[in-house]
Amino acid sequence: MCLQLIGLHNMKNFKFVLKCIVALLPVIAVVLYTALFPFGYMDIEYPSWKYTKEMTKKASADTIILGDSRAMADLVPSEFDTDTVNLAVGGATSIEMYYTLNSYIKNNGCPENIIVMFAPFHYSIIDNFWTRTAYFNYLSVSDMSELFSYAKACNSETLIKKGYKDDLLSYRLRFPDKYLPALINSELIGRYSENSEEYNKISADSGYGEFGTAKGCSDLNYETGYEQMHRTGDALLLDVYLNKLLCLIEENNINAVLAIPPMNESSYNNLKPSYKDDFYSYLKNIKSSHPGISVETKIPVYDDKYFGDSSHLNNEGALLFTKDYIENH
């Protein structure tokens, strides 16, 4: 009798577990698809992040470019005399670029030259961490752990937000609550061709990619709306990582320039003097703190006709700026 009861109990348990597995199959299927086929549903920014992550593991260039979308759109690798790869990505800050360089050095050794270039507002504002860095699972678990220890110490408003631990877990495990909207909007595979084409183009151009394609733009950029650089927990965290990035370069005796991307004349002429003075003062402090880095302390100004949108050079402008950069360095 006892054996029969045990057998019956085990059978009930087995059926219960089986029902749970069946009930979870749709979730498991979504998680697996999300992890294995990102080109099918990710937005058009994803291919460049994928390219950069892959290049940190297998590139072997003489010169690498680090930065955000302005670095990605403004510097053309094919124009350099040395073997050059552009590892900048849209929305990146010193946080992502520190881990990019750290991974690159571990896997490939040190390049001879590094160009670091961020938009002025990215020295004090974090605007894409959750929608790109976390969403694309760009950083490793250990990198994320280290980052959030610094974020807590700096009291970063963007990273240390309500429910951030749950969000981190959902992104890492590719849970449907984060990715289902994109899967639905893309109908699972609707973005595959577009993302594949973009990835192939970025690969062929060694990481260079346009963000604006207009034949000229006089619109005002983000920086024109600020009175001064932000002084927040986010800004402190970015400063910590910029210094970590520059220290990593100095420790490895790499020839490096902290460059400033150009602005269109319309934007530069509308910068508030207080913001300009604040930014220039910040750059001078960085220059003083890192004597091993060549730090530019002025914003280059180019005619509006060379801009594809308010912030990024068009291809003609990028070729001109790259030529000017090479001649001056």
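Figured I'd write up the structure that's included with this text. (Residues numbered from 1 in each chain as written. Predicted model: local features only at pLDDT ≥ 70, side-chain atom pairs only at ≥ 80, totals over all residues. Heavy atoms only, no water.)

1. Some thoughts on the overall build of the chain
The condition that has to hold: Helix and strand definitions follow DSSP, with helices as H or I runs of at least four residues and strands as E runs of at least two, each counted in order from the N terminus. Here the term buried applies to any residue with accessible area under 20% of the maximum for its type, exposed to any over 50%, and partly exposed to those in between, with areas from a 1.4 Å probe on protein chains only. Note on definitions: a residue-residue contact is assigned when non-hydrogen atoms from the two residues lie within 4.5 Å. In this description, accessible areas are obtained by the Shrake-Rupley approach with a 1.4 Å probe, and a residue is regarded as covered only by the protein chains that are shown. Two residue types count as positive, namely Lys and Arg, and two as negative, namely Asp and Glu; His and chain ends fall outside the count. For this purpose, a charge sits on NZ of Lys, CZ of Arg, CG of Asp or CD of Glu.
Regarding its fold elements, the chain presents 13 helices and seven strands. When the backbone C-alpha atoms are referred to their principal axes, the chain occupies close to 90 × 40 × 40 Å. Buried residues in the chain amount to 51% of all 329 residues. Within the chain, contacts between residues at least 6 apart in sequence are counted, and of these 81% link residues at least 24 apart. When the accessible surface of the chain is split by element, carbon and sulfur atoms take 55% of a total near 15700 Å². In the chain, 29 side chains carry a positive charge and 41 a negative one; their mean positions are 11 Å apart.

2. Thoughts on unusual backbone geometry
One non-glycine residue, Asn137, lies in the positive phi region at around 50 degrees. With respect to the helices, strands and loops of the structure, Asn137 is situated in the loop between helix H5 (129-134) and helix H6 (141-154). You can call Asn137 buried: its relative accessible area is 4%. Despite not being glycine, Ser206 shows a phi value in the positive range, around 55 degrees. Among the secondary structure elements, Ser206 is positioned in the loop between helix H9 (192-204) and helix H10 (233-251).

3. Observations concerning the packing of aromatic side chains
What counts is decided by this rule: Any Phe, Tyr or Trp ring, taking Trp's six-membered ring, that has another such ring centre within 6.5 Å forms a pair; planes under 30 degrees apart are called stacked, those over 60 apart edge-to-face, and the others tilted. Think of it as a cone above the ring: NZ of Lys or CZ of Arg counts as a charge over the ring if it is within 6 Å of the ring centre and within 35 degrees of the ring normal.
On inspection of all chains with the given rule, the structure shows 33 aromatic pairs. Plain terms: the ring middles of Tyr51 and Tyr199 are 6.5 Å apart, the flat faces sit at 70 degrees to each other, and that makes the pair edge-to-face. Note that Tyr51 is positioned in helix H2 (residues 46-58) and Tyr199 in helix H9, a separation of 148 residues in sequence. We note that Tyr51, like Tyr199, is buried. Cation over ring: Lys161 sits above Trp130, and NZ or CZ is 4.5 Å from the ring centre. Sitting over the ring of Tyr241, Lys244 keeps its end group 5.7 Å from the ring centre.

4. Points about the pairing of strand E4 (residues 255-259)
In regular strands, side chains alternate between the two faces of the sheet. Selection criterion: For two strands to count as paired, DSSP must find a minimum of two bridges between them.
Where burial is concerned, most of E4 is hidden: four out of the five residues are buried. In this structure, strand E3 (residues 113-117) lies alongside E4, joined through five bridges in parallel fashion. When the bridges of E4 are listed, Asn113 appears paired with Asn255.

5. Thoughts on the environment of Val76
Considering the arrangement of structural elements, one finds Val76 in the loop between helix H3 (69-74) and strand E2 (84-86). Judged by its relative accessible area of 6%, Val76 falls in the buried class. C-alpha of Val76 to C-alpha of Cys247: the two residues are 171 residues apart in sequence and 26 Å apart in space.

6. Thoughts on the sheet that holds E2
In any sheet, the strands associate via hydrogen bonds between backbone groups, in a parallel or an antiparallel arrangement. Counted only if it meets this: Every axis in this analysis is a line fitted to C-alpha atoms, fitted for helices over the stretch in contact. Angles between the N-to-C directions lie between 0 and 180 degrees.
Taken together, the five strands give an open sheet; going across it, the order is E2-E1-E3-E4-E6, and neighbouring strands pair in parallel fashion. Single-partner strands in this sheet number two, and they are E2 and strand E6 (294-295). The sheet contact formed by E4 and E6 spans two bridges and is parallel. Within the sheet, the bridge partner assigned to Val257 lies in E6 and is Ser294. Across the sheet, helix H4 (residues 94-108) lies against strand E1 (63-67) and E3, angled at about 155 degrees from E1, the strand it touches most.

7. Details of the pattern of salt bridges
Applied cut-off: In what follows, salt bridge is the name for a side-chain nitrogen of Lys or Arg lying within 4 Å of a carboxyl oxygen of Asp or Glu.
The final tally for this structure, using the stated rule, is seven salt bridges. Ionic pairing is found between Lys161 and Asp167, a salt bridge with its closest N-O pair at 2.4 Å. The class of Lys161 is partly exposed, set by a relative accessible area of 27%. Judged by relative accessible area, Asp167 falls into the buried class, the value being 14%. Taking the shortest distance from any N to any O, the salt bridge between Asp278 and Arg231 comes out at 2.8 Å.

8. Notes on the packing of H4 against H6
Filter applied, for reference: Here the word oblique covers every angle except those under 35 degrees (roughly parallel), over 145 (roughly antiparallel) and from 65 to 115 (roughly perpendicular). When the near helix sits turned anticlockwise from the far one by under a right angle, the crossing is termed left-handed; a clockwise turn instead gives a right-handed crossing. Residue classes follow a fixed rule: Ala, Val, Leu, Ile, Met, Phe, Trp, Tyr, Cys and Pro count as nonpolar, while Asp, Glu, Lys and Arg count as charged, and any other residue, Gly among them, counts as polar.
At a closest axis distance of 12 Å, the pairing of H4 and H6 adopts a crossing angle of 140 degrees. One way to sum up the angle between H4 and H6 is to call them oblique. Seen from above, H4 lies across H6 with right-handed handedness. Contacts from Ile95, Tyr98 and Tyr99 of H4 reach H6 at Asp143, Glu146 and Leu147. Split by residue class, the contact of H4 with H6 holds four nonpolar, no polar and two charged.

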